[in-house]
Amino acid sequence: MKPVLEVRNLTKVFTQPGRPAFRAVDQISFQLMPGETLGIAGESGSGKSTAAKLIARLIDPSAGDILIGGDNVTHAKGRRLRQVYRELQMVFQTPAASFDPRRTLGDGIGESLRNRGLSRAAIRGRVAETLAQCGLPAEFAGRYPHEVSGGQCQRAAIARALAGGPKALILDEATSSLDVTVQQQILELLAGLRQTAGLSYLFICHNLALVQMLCDRVLVLRDGKIEEQGTPDDVILHPQSAYTRRLVEAAFS
């Protein structure tokens, strides 16, 4: 079975004049298989979000390779990069900030479809379909980000990610800004979509309790490197390092 996503020795080094180079992501490698949910956990500053941005091609890597469906997209630009976004989409931590406040949720969800040249009728139908998949009525297409709750806005953001029919989603702390009850609802939504839409997830999260609820495997990052990896139960019940033990204690204390 071919991986949906493969990362090989991915590295990002940030440099500033007069300061030492900072290695935010340091030669990480992993595969995401079809239908799998892979967690990436770690403290703030461990490199999780930088890794997500690299894989989504929002920033350029310093070294390493990113393959989507076996196609090397490490240096994809222009039309080829747009093709990448048909296969892989990202859901961000703060849903309201990821939408244009001057445009409706429906406009945001349908933007990628307009860029493909779909008709207005086709876009309206697809927007309504993805909203329904995410538990929102079609009327939410006419609302603005400030007119809905945080949980509803995150559902709309997931609908936007689904609109183009991707194979995988990167979820970058996608539940961390929500209260506990809404977090649970979003995790249940994601679990259901994984089954019905056959999606794979890269679930970026600092909280190992949430990782345990959703993920098949987890990588623990520390200072940009993979500290340890395994099933969530293995990592949580039998942590191999003091760093991972601290993450477990923070999640379950």
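Please refer to the structure placed before this passage.
The structure displayed is predicted, hence computed values, not measured ones.

What counts and how
Residues numbered from 1 in each chain as written. Predicted model: local features only at pLDDT ≥ 70, side-chain atom pairs only at ≥ 80, totals over all residues. Heavy atoms only, no water. Helix = DSSP H or I, 4+ residues; strand = E, 2+ residues; numbered from the N terminus. Salt bridge = Lys/Arg side-chain N within 4 Å of Asp/Glu carboxyl O. Buried < 20%, exposed > 50% of the residue type's maximum accessible area, 1.4 Å probe, protein only. Core = buried A, V, L, I, M, F, W, Y, C linked by side-chain atoms within 4.5 Å. Contact = heavy atoms within 4.5 Å. Disulfide = S-S within 2.5 Å. Pairing = 2+ DSSP bridges. Axes fitted to C-alpha atoms, helices over the stretch in contact; angles between N-to-C directions.

(A) Seen up close, the environment of Ala250. Take Ala250: it is sitting in helix α10 (residues 242-252). The spatial distance from the C-alpha of Ala250 to the C-alpha of Ile226 is 19 Å, given a sequence separation of 24 residues.

(B) Representation of the pattern of salt bridges in the model. The tally for this structure, following the rule as stated, stands at 13 salt bridges. In this structure, the salt-bridge partner of Arg23 is Asp26, at a minimum N-O distance of 3.5 Å. Take Asp26: its relative accessible area is 14%, and that puts it in the buried class. A salt bridge links Arg80 to Asp71, with the nearest nitrogen and oxygen atoms 3.0 Å apart. Classification of Arg80 as partly exposed rests on a relative accessible area of 38%. A relative accessible area of 38% means that Asp71 is categorised as partly exposed.

(C) Geometry of the nonpolar core. Ranked by internal contacts, the top residues of the largest apolar core, which has 47 residues, are Ile158, Leu171, Leu193, Phe203 and Leu208. It is helix α6 (residues 150-162) that contributes the most residues to this core, seven residues altogether. With sequence-adjacent residues up to four places away left out, Leu171 is seen in contact with Val91, Leu190, Tyr201, Leu202, Phe203 and Ile204.

(D) Inspection of the state of the cysteines at higher detail. Applying the stated criterion across every chain yields a total of zero disulfides. With no disulfide of its own, Cys134 has Cys153 as its nearest cysteine by sulfur position, at a separation of 12 Å. Free cysteine: Cys215, not disulfide-bonded; nearest cysteine sulfur from Cys205 at 7.8 Å.

(E) Just the pairing of strand β10 (residues 225-230), in detail. Sheet topology places strand β9 (residues 217-222) next to β10; five bridges connect them, and they run antiparallel. Residue Arg222 lies in a different strand from β10, and its bridge partner there is Lys225.

(F) Summary view of the sheet that holds strand β2 (residues 22-32). One open sheet accounts for four strands, arranged β2-β1-β4-β5; its pairing is antiparallel. The sheet terminates laterally at β2 and β5 (71-72), the two strands that pair on one side only. For strand β4 (residues 63-68) and β5, the ladder comprises two bridges, and the chain directions are antiparallel. From the neighbouring strand, Leu67 faces β5, where its bridge partner is Asn72. Docked against the sheet, helix α1 (residues 48-55) engages β1 (5-14), β2 and β4, running at close to 115 degrees with respect to β1.

(G) Representation of the environment of Ala161 in the model. Among the structural elements, Ala161 can be located in helix α6. You can call Ala161 buried: its relative accessible area is 3%. Spatially, the C-alpha atoms of Ala161 and Leu88 are 8.5 Å apart, while their sequence positions differ by 73 residues. Non-local contacts of Ala161, meaning those with residues more than four positions away in its chain, are made with Gln89, Val91, Pro166 and Leu169.

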